[in-house]
Amino acid sequence: MSAETPSDRYGFDTLAIHAGAAPDPTTGARSTPIYQTTSYVFENVDQAASLFNLQSFGNIYTRLTNPTTAVLEERVAALEGGTAALATASGHAAQLIAFHLLLSPGDEFIASNKLYGGSMTQFAHSFSKFGWIVRFVDPDDPENFRRALSPKTKAIFIESLANPGGVVSDIAAIAAIAHAADVPLIVDNTLASPYLCRPFDHGADLIVHSMTKFLGGHGNSVGGILVEGGRFDWAKVAGKYPTICEPTASYHGLRFYETFGTMAFAVAARAISLRDLGPALSPMNAFLILTGIETLSLRMDRHCANALTVARHLLSHDKVAWVNYAGLPDDRYHQLAARYLPRGAGAVFTFGVKGGFDAGVKLVEGVELFSHLANIGDTRSLIIHPASTTHRQLPPERREAAGAGPDVVRLSVGLESAPDLIADLDQALAGT
Ligand SMILES: *Cc1c(COP(=O)(O)O)cnc(C)c1O
């Protein structure tokens, strides 16, 4: 890495459009081409050998690298202020790869208990099959992370802005606890996007995204990414992170940290975890997500403005019991949001409909402009009633604990004209 990175030289909006990209050297194409190919011709046997040995960087096979995906990786790394990134087939795949490098069977990590439901299931149920043990704690008191530390703890995982309850974590306080224990802090920055929150500026070591949501932004592609901050000392405690620091048998004894320094995590994530687990992003999805990122700041500004307008309207609505949106001045997370999300509190929030479960069902069935579905971060406005859908399987007390009580409705406010969104909610609420 040169001392000056693109993030130092250019503003956010310039990076969102240009970072990682250049006119195609062969055709002059200005938009990044979709390199829809599985494999790449070697120049000769020596060049092939040097690629396979990681002595030079180049393309071998699209499970490992692809030129379209490489532009996306460089762009998201620049937007987050990281050293390198690795794109994956989904957000869940990025999480799997991060933990695959960090944990051995029997190791532990501590995670917020207010995470995207799919992450909680992945950590508690599927990761346990690898012998990786998660300890969930309430993130509202950062000291809970310190209390859950053990000699086997290898990482702490939080969301900057948590889905669905609008929970904002005190990233700097939790990072300080992680670093005192010599473990990295991983932040899922999906709901905020790098435009609203920059976790590396507050001490995070690794960032993961579901690019399916705001980075892609148009509800058309599933994808994920892992970004390295470049400041964590993987070798500080000898033997703690063997995959990153110890000789790697499948690369003739190469030591990733010694060889690749501040990019060691991203290189090892690709050369070991992506190579062996296999969840590569398709070039087509990389192209669609890249195109989405070019308008990230414009979209996020409108998402936040529309969400605030809709949240204020619902707060004064006589069929609404409560609204949880960190953008509202009386919200319990408003102070943290002012610190970590100064440009806006995002597009996703929950509210309580008077009349409980039945009213929630009538509301989601009564909307016309909002789409009733299980996603967030689309140009379109989305609505879901978790108790009757995503959290239906859970017994009532577990639903309540997960923030999916009978009256809870979640919105992902899109980019439409705000008065139309309000009118749609009003007509649907009138029928509850
Ligand atoms: C959607 C989501 C994920 C999982 O991402 P996929 O792309 O669906 O695999 C992880 N974290 C958060 C916060 C999400 O919203």
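### Points about helix α14 (residues 296–315)
- The end-to-end C-alpha separation of α14 is 28 Å, in line with the 28 Å expected for 20 residues at 1.5 Å each.
- Those residues of α14 lying buried are Leu-296, Ser-297, Arg-299, Met-300, His-303, Cys-304, Asn-306, Ala-307, Val-310, Ala-311 and Leu-314.

### Examining the sheet that holds strand β10 (residues 320–324)
- With mixed pairing, five strands are arranged side by side in an open sheet as β10-β11-β14-β13-β12. Either end of the sheet is taken by a strand with one partner, and the two such strands are β10 and β12 (371–372).
- Strand direction decides the pairing type here: β10 and strand β11 (residues 348–353), joined by four bridges, are antiparallel. Looking at β11, one finds that Val-320 is bridged to Val-353.
- Running over the sheet, helix α16 (residues 356–366) touches β11, β12, β13 (382–384) and β14 (408–412) and is turned about 125 degrees from β11.

### Some remarks on the pattern of salt bridges
- In the structure shown here, the tally under the stated rule is 15 salt bridges.
- Residue Arg-255 pairs with Glu-258 through a salt bridge whose shortest N-O separation is 3.8 Å.
- Arg-255 gets classed as partly exposed once you look at its relative accessible area, which sits at 33%.
- The class of Glu-258 is exposed, set by a relative accessible area of 66%.
- Through salt bridges that share partners, Lys-114, Asp-138, Asp-140 and Arg-332 make up one connected network.

### Notes on the pairing of strand β8 (residues 206–210)
- Judged by how many residues are buried, β8 sits mostly within the fold: five of five residues are covered.
- Neither face of β8 is left uncovered, since the one carrying Leu-206, Val-208 and Ser-210 and the one carrying Ile-207 and His-209 both have all their residues buried.
- Two strands pair when backbone bridges link them, and strand β7 (residues 185–188) and β8 are joined in this way by three bridges, in the parallel orientation. For Ile-186, the partnering residue across the bridge sits in β8 and is Leu-206.
- In this sheet, strand β9 (residues 224–228) lies alongside β8 in antiparallel orientation, the contact comprising five bridges.

### Structural notes on the packing of aromatic side chains
- This structure, assessed with the given rule, holds 20 aromatic pairs.
- Measuring from centroid to centroid gives 5.5 Å for Phe-99 and Phe-127, while their planes differ by 65 degrees, and the two rings are edge-to-face. Of the two residues, Phe-99 sits in helix α5 (residues 91–102) while Phe-127 sits in the loop between α6 (117–126) and β3 (133–137), which places them 28 residues apart along the sequence. In this structure, Phe-99 and Phe-127 share a single accessibility class: buried.
- Measuring from centroid to centroid gives 4.9 Å for Phe-127 and Trp-132, while their planes differ by 75 degrees, and the two rings are edge-to-face.
- Taken together, the ring pairs in this structure connect Phe-99, Phe-109, Phe-123, Phe-127, Phe-130, Trp-132 and Phe-157 into an aromatic cluster.
- Positioned over the ring face of Tyr-116 is Lys-213, at 4.9 Å from the centre of the ring.

### Some points on the domain arrangement of the protein chain
- The domain architecture assigned to the protein chain consists of domain 1 (6–292) and domain 2 (296–429).
- Each of domain 1 and domain 2 has a C-alpha centre, and the two are 29 Å apart.
- Tallying the contact residues gives 32 residues for domain 1 and 33 residues for domain 2.
- For the pair domain 1 and domain 2, the summed buried area comes to about 2800 Å², and 60% of that belongs to carbon and sulfur atoms.
- The largest contributions to the domain 1 side of the interface with domain 2 come from Tyr-195, Leu-196 and Phe-214, which together make up 28% of the buried area.
- For the pair domain 1 and domain 2, the number of links is two salt bridges.
- Two residues, Asp-140 and Arg-332, come together in a salt bridge whose shortest N-O distance is 3.1 Å.
- Here domain 1 is connected to domain 2 by 13 residue pairs in polar contact (both at pLDDT 80 or more).

### Observations concerning the sheet that holds β9
- Spatial ordering of the open sheet is given by β1-β9-β8-β7-β4-β2-β3, a layout of seven strands whose pairing is mixed. Each edge of the sheet is formed by a strand with only one pairing partner; in this case those strands are β1 (84–88) and β3. In this sheet, neighbouring strand axes are inclined to one another by 20 degrees on average, regardless of whether the strands run parallel or antiparallel.
- Both strand β4 (residues 153–159) and β7 contribute to a ladder of four bridges, which runs parallel.

### What about the state of the cysteines?
- The final tally for this structure, using the stated rule, is zero disulfides.
- Unpaired in terms of disulfides, Cys-197 finds its nearest cysteine sulfur in Cys-304, a separation of 12 Å.

### Overview of the site of the ligand
- Residues in contact with the ligand amount to 16 residues; listed here are only the nearest, Gly-91, Asp-188, Ser-210, Thr-212 and Lys-213.
- Gly-91 is positioned such that a nitrogen or oxygen atom in its backbone is 2.9 Å from an oxygen atom of the ligand.
- Taking Lys-213, its side chain carries an N or O atom lying 2.7 Å from an oxygen atom of the ligand.
- Ranked by residues supplied to the shell around the ligand, first place goes to α5 with three residues.
- For the shell around the ligand, the residue count by class is three nonpolar, ten polar and three charged.

### Things to note about helix α18 (residues 418–430)
- Under the 1.5 Å per step criterion, the end-to-end length of α18 is 18 Å for 13 residues, consistent within 8% with the ideal 18 Å.
- What α18 keeps buried is the set Ala-418, Leu-421, Ile-422, Asp-424, Leu-425, Ala-428 and Leu-429. Seen end-on, α18 carries its buried residues on one side only, within an arc spanning 160 degrees. Opposite its buried face, α18 presents the exposed residues Pro-419 and Ala-430, each directed more than 90 degrees away.
- Those residues of α18 hidden inside the fold are in contact with α14, β10, β11, α16, β13 and β14.

Conventions and cut-offs
Residues numbered from 1 in each chain as written. Predicted model: local features only at pLDDT ≥ 70, side-chain atom pairs only at ≥ 80, totals over all residues. Heavy atoms only, no water. Helix = DSSP H or I, 4+ residues; strand = E, 2+ residues; numbered from the N terminus. Expected span 1.5 Å × (residues − 1). Buried < 20%, exposed > 50% of the residue type's maximum accessible area, 1.4 Å probe, protein only. Pairing = 2+ DSSP bridges. Contact = heavy atoms within 4.5 Å. Axes fitted to C-alpha atoms, helices over the stretch in contact; angles between N-to-C directions. Salt bridge = Lys/Arg side-chain N within 4 Å of Asp/Glu carboxyl O. Phe/Tyr/Trp six-rings, centres within 6.5 Å; stacked < 30°, edge-to-face > 60°. Lys NZ or Arg CZ within 6 Å of the ring centre and 35° of its normal. Domains from an automatic or database assignment. Buried area = accessible area lost by both parts, 1.4 Å probe. Polar contact = N/O pair within 3.5 Å; in protein donor to acceptor, adjacent residues only side chain to side chain. Disulfide = S-S within 2.5 Å. Near = heavy atom within 4 Å. Nonpolar A, V, L, I, M, F, W, Y, C, P; charged D, E, K, R; others polar. Arc of directions from axis to C-beta.

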